[in-house]
Amino acid sequence: MSKYSDFFLIGSPQYVELGDKLRLRSYGSWLAEEVWCREKQNKKRAQFTLEVIRLARKVAKAKGISEDEAFVLLQANDEDRGELFAEFSEDVDRLMTLSPSSQDQTEELVTIFFRNRGEVLDGKKWTATKDWSKEDTQKLPSMMMEQVEAFMQKEEGTEEAMEAEEEDEEGPK
């Protein structure tokens, strides 16, 4: 956080505890940097989708099939599309480099969340995790990652997070 953050992040801080020595501060929404990161990721996914559509059109034209058939063929298992990959290997290679990894995107967002909101208990004092790295994120236990992802959804105000919270309070529906 910058030296000005306290001016616009007014109020008593609330935290979500992640074990005994780690916590995330809740602001009730995503911070600008977090939103921008998600937008950048969405743009990469959209670019990938457009490239898949372009390749499907190219395959359809070359093979004399419909674009829908070409799209299905691109999604087929390796055995069924072996000939296709040989013929369009350069296009497929370029497409694979554009393919956004869900793991990489989650790792990037979780790392930003910890840099912006994280605190670790160092002795008896909570210290900000401004230097949190992707390597730190990679070392989080899966149970803790699930907690962080649920926290992120809640901060985003997604419908799924609100429904999950209601279910926790009311019991299963």
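Everything numeric in this text was worked out from a predicted model, so none of it was measured.

Residues that lie three or four places apart on an α-helix share one face, since the helix turns once every 3.6 residues. Taking 1.5 Å per residue, 32 residues should reach 46 Å; helix 2 (residues 32-63) reaches 46 Å between its end C-alpha atoms and fits that length. Buried within helix 2 we find Glu34, Cys37, Gln41, Phe48, Glu51, Val52, Leu55, Ala56, Val59 and Ala60. Gly64 sits one or two residues past helix 2 and shows a positive phi near 70°.

This part covers the side chain of Thr111. Note that Thr111 resides in helix 6 (residues 102-117). Within the structure, the side chain of Thr111 is placed 2.7 Å from the backbone oxygen of Glu107, a separation counted as a polar contact. Those residues in contact with Thr111 that lie beyond four places of it in its chain are Trp132, Ser133, Lys134 and Thr137.

Counting residues in hydrophobic clusters, the biggest one holds 17 residues, and the most contacted among them are Leu18, Leu22, Val110, Phe114, Leu140, Val148 and Met152. Mapped onto this core, the elements with two or more residues apiece are strand 2 (22-26), helix 6 and helix 8 (142-156). In this view, Val148 contacts Leu18, Leu24, Val110 and Phe114; residues no more than four positions away in its chain are not counted.

Taken as a whole and judged by the stated rule, the model has eleven salt bridges. With a closest N to O distance of 2.5 Å, Arg23 and Glu119 form a salt bridge. Within this pair, whereas Arg23 is found in strand 2, its partner Glu119 is found in strand 3 (residues 118-122), the two being separated by 96 residues in sequence. Overall, Arg23 belongs to the buried group, its relative accessible area being 12%. Under the relative-accessibility criterion, Glu119 is labelled buried at 15%. Close ionic contact of Glu67 with Arg57 constitutes a salt bridge, the shortest N to O distance being 3.5 Å. With Glu67 in helix 3 (residues 67-75) and Arg57 in helix 2, this residue pair connects regions lying ten residues apart in the sequence. Arg57 gets classed as partly exposed once you look at its relative accessible area, which sits at 47%.

On to the sheet that holds strand 4 (residues 125-128), then. In space, the four strands of this open sheet follow the order 1-2-3-4, with antiparallel pairing throughout. What marks the edges here is a single partner per strand, and that holds for strand 1 (14-17) and strand 4. Each strand axis lies, on average, 35° off the axis of its neighbour in the sheet, ignoring direction. Relative to strand 2, strand 1 runs antiparallel, the two being bridged by four bridges.

Calculation rules
- Just so you know, the residues in each chain are numbered from 1, in the order the chain's sequence is written.
- Residues qualify for local features only when their pLDDT is at least 70, as the model is predicted, and side-chain atom pairs are given and counted only at 80 or more; totals for whole chains, interfaces and linings, by contrast, use all residues.
- To get the side-chain values, take all heavy atoms of the structure and skip hydrogens and water.
- Numbering of helices and strands runs from the N terminus, with a helix taken as a DSSP run of H or I at least four residues long and a strand as a DSSP run of E at least two residues long.
- Residue count minus one, scaled by 1.5 Å, sets the expected span of a helix.
- Think of it in three bands: with a 1.4 Å probe and only protein chains considered, a residue is buried below 20% of the maximum accessible area for its type, exposed above 50%, and partly exposed in between.
- Any N or O atom pair separated by 3.5 Å or less is treated as a polar contact, with the protein-specific requirement of one donor-capable and one acceptor-capable atom, and with residues adjacent in sequence counted only for side-chain atom pairs.
- Note on definitions: a residue-residue contact is assigned when non-hydrogen atoms from the two residues lie within 4.5 Å.
- Nonpolar cores are built from buried Ala, Val, Leu, Ile, Met, Phe, Trp, Tyr and Cys residues. Side-chain atoms within 4.5 Å join them into one set.
- For salt bridges, the criterion is a side-chain nitrogen of Lys or Arg within 4 Å of an Asp or Glu carboxyl oxygen.
- A pair of strands is treated as paired once DSSP finds two or more bridges between them.
- Lines fitted to C-alpha atoms define the axes, with helix axes restricted to the stretch in contact, and inter-axis angles between N-to-C directions lie between 0 and 180 degrees.

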